Amino acid sequence: MERTLTIIKPDSMEASNAGNILALLEKEGFEIQALKRMRLSEAQAQRFYEVHRERPFYDSLVAYMTSGPIIAAALAREDAVPQLRKVMGATDPASADEGTIRALYGSSIERNAIHGSDSPENAQKELHFFFSRAELIAAE
Ligand code: CMP
């Protein structure tokens, strides 16, 4: 089984949508193997989104991702990475397919409800950003 990382973002937490989102993911066949609620520091958010550092939305993204708590979760299922991207929907909720998490719960291209890893390689990196080796091994 493949693993991927999701982040339930501050807008979802603020709107009390975390439970609905986790329930939807379970219904789509994802097993929640590790779960952590936390508030990212500025340095952590900057590091997590390092690849976007040169993008015009970077500072605003960091401010948003540190504006309140998040939940990070390790999700497992067959083809977890592409399957999460499918159920998550397009980055901009306005162009996300009906029934996807971002269409249901996102409110703008920035406040788009959740994050999902975009490749198996990044999934590994992102899982290790939030969870220790021991936590990931224990979750198997
Ligand atoms: P995410 O999939 O977590 O990856 C980068 C994040 O930057 C994205 O979701 C949005 O929350 C945010 N963002 C804000 N503006 C843009 C934009 N114009 N294009 C892509 N991502 C954006």
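Scroll up a little and you will see the structure.
These numbers come from a predicted model, not from an experiment.

Chemist: Help me understand the layout of surface pockets, please; the structure alone is not making it clear to me.
Modeler: Remark: the empty space left among the atoms is shown by a probe the size of a water molecule rolled over them. Put simply, the largest pocket is a space of about 670 Å³. Along its surface, the largest pocket is lined by 24 residues, and Tyr49, Val51, His52, Leu61 and His115 are the ones closest to its centre. When residues of the lining of the largest pocket are traced back to their parent elements, those giving at least two are helix 3 (42-48), helix 5 (80-88), strand 4 (114-116) and helix 7 (120-130). Here the residues of the lining of the largest pocket sort into 8 nonpolar, 6 polar and 10 charged.

Chemist: Can you walk me through helix 7 in this structure?
Modeler: An α-helix turns once every 3.6 residues. As a result, residues three or four positions apart point the same way. Three or more residues of helix 7 are buried, namely Ala123, Glu126, Leu127, Phe129 and Phe130. Taken around the axis of helix 7, the buried residues stretch over an arc of 150 degrees, which confines them to a single face. Structural note: helix 7 exposes Glu121 and Lys125 on the side pointing more than 90 degrees away from its buried face.

Chemist: Explanation requested: the site of the ligand in the structure shown.
Modeler: Residues in close proximity to the ligand include Lys9, Tyr49, His52, Phe57, Leu61, Thr91, Arg102, Ile109, Glu110, Asn112 and His115, which together make up its full environment. In the environment of the ligand, an oxygen atom lies 2.8 Å from a nitrogen or oxygen atom belonging to the backbone of glutamate 110. Between the ligand and the protein, one listed contact pairs an oxygen atom with a side-chain N or O atom of asparagine 112 at 3.2 Å. Its free accessible area being 450 Å², the ligand has 81% of it covered by the protein chains. Judged by the fraction of its atoms near the pocket grid, the ligand is located in the largest pocket.

Chemist: What am I meant to see in the packing of aromatic side chains here?
Modeler: What characterises a pair of aromatic rings is the spacing of the ring centres plus the angle enclosed by the ring planes. Taken as a whole and assessed by the stated rule, the structure comprises 4 aromatic pairs. Look at phenylalanine 48 and phenylalanine 129: their rings are 5.2 Å apart centre to centre, the planes differ by 70 degrees, and that puts the pair in the edge-to-face class. Linking phenylalanine 48 in helix 3 with phenylalanine 129 in helix 7, this pair joins segments that are 81 residues apart in sequence. Through a chain of ring-to-ring contacts, the aromatic side chains of Phe48, Tyr49, Phe129 and Phe130 assemble into a single cluster. The ring of phenylalanine 30 carries arginine 77 above its face, with NZ or CZ at 5.6 Å from the centroid.

Chemist: Is there a simple way to explain the sheet that holds strand 1 (residues 2-8) in this structure?
Modeler: Strand pairing in a sheet is mediated by backbone hydrogen bonds. Such pairs are either parallel or antiparallel. What the 4 strands build is an open sheet, ordered 2-3-1-4; its pairing is antiparallel. Strand pairing shows two members of the sheet lacking a second neighbour, strand 2 (31-38) and strand 4, which therefore form its edges. Direction aside, neighbouring strands of the sheet carry axes that sit 20 degrees apart on average. Here strand 1 pairs with strand 4 via 3 bridges, running antiparallel. Each residue of the ladder has a partner; that of isoleucine 7, found in strand 4, is histidine 115. The sheet strands contacting helix 7 are strand 1, strand 2, strand 3 (70-77) and strand 4, and the helix crosses strand 1 at an angle near 60 degrees.

Chemist: Sorry if this is basic, but what is going on with the pattern of salt bridges here?
Modeler: Opposite charge on two side chains makes pairing possible when the charged atoms of those side chains draw close. Counted under the stated rule, the structure contains 3 salt bridges. With a closest N to O distance of 3.7 Å, arginine 111 and glutamate 14 form a salt bridge. Placement of arginine 111 in the loop between helix 6 (101-105) and strand 4 and of glutamate 14 in helix 1 (residues 10-14) is noted, with a sequence separation of 97 residues between them. Judged by relative accessible area, which is 30%, arginine 111 ranks as partly exposed. Given a relative accessible area of 65%, glutamate 14 falls into the exposed group. Among the ionic pairs, arginine 53 bridges to glutamate 50, the shortest N-O distance being 3.0 Å.

About the criteria used
- Starting from 1, residues in each chain are numbered consecutively following that chain's sequence as written.
- Restriction of local features to residues with pLDDT of at least 70 applies here, the model being predicted, together with a cutoff of 80 or more for giving and counting side-chain atom pairs; totals for whole chains, interfaces and linings are based on all residues.
- As a convention, hydrogens and water are excluded, and side-chain values are obtained from all of the structure's heavy atoms.
- Lining residues are those with an atom within 4 Å of a point, where the points come from a 1 Å grid over the protein atoms alone and group into cavities, where a 1.4 Å probe fits but cannot get out, or pockets, open sets with protein on both sides within 12 Å along at least five of seven lines.
- Grid points are joined across faces, edges and corners, and a volume is the space filled by probe spheres set on the points.
- Numbered from the N terminus, helices here are DSSP runs of H or I no shorter than four residues, and strands are runs of E no shorter than two.
- Only Asp, Glu, Lys and Arg are considered charged, only Ala, Val, Leu, Ile, Met, Phe, Trp, Tyr, Cys and Pro nonpolar, and every remaining residue, Gly among them, polar.
- Exposure is judged per residue with a 1.4 Å probe applied to protein chains only, and the accessible area is read against the type maximum: over 50% gives exposed, under 20% gives buried, and values in between give partly exposed.
- The arc in question is formed by the directions pointing from the helix axis toward the C-beta atoms.
- When at least one non-hydrogen atom of a residue lies within 4 Å of a molecule or strand, that residue is treated as near it.
- Each polar contact in these results corresponds to two N or O atoms within 3.5 Å; when the atoms are within protein, one needs to be able to donate a hydrogen and the other to accept it, and residues that are neighboring in sequence are counted only if both atoms are side-chain atoms.
- Throughout, the Shrake-Rupley method with a 1.4 Å probe supplies accessible areas, and for residues the shown protein chains are the sole cover considered.
- The way we define it, a molecule is inside a pocket or cavity when more than half of its atoms are within 2 Å of that pocket's grid points.
- Stacked, tilted and edge-to-face are the three classes assigned to paired rings of Phe, Tyr and Trp, where Trp is represented by its six-membered ring and a pair needs centres within 6.5 Å; plane angles under 30 degrees give stacked, over 60 edge-to-face, the rest tilted.
- The criterion is that NZ of a Lys, or CZ of an Arg, lies within 6 Å of the ring centre and within 35 degrees of the ring normal, and then a charge sits over that ring.
- Pairing between two strands requires that DSSP report at least two bridges joining them.
- Only C-alpha atoms enter the line fits that serve as axes; for helices the fit covers just the stretch in contact. Angles between N-to-C directions range over 0 to 180 degrees.
- Whether two residues are in contact is decided by their heavy atoms: any pair within 4.5 Å suffices.
- The term salt bridge refers to a side-chain nitrogen of Lys or Arg lying within 4 Å of a carboxyl oxygen of Asp or Glu.

In short, geometric facts, not functional conclusions.
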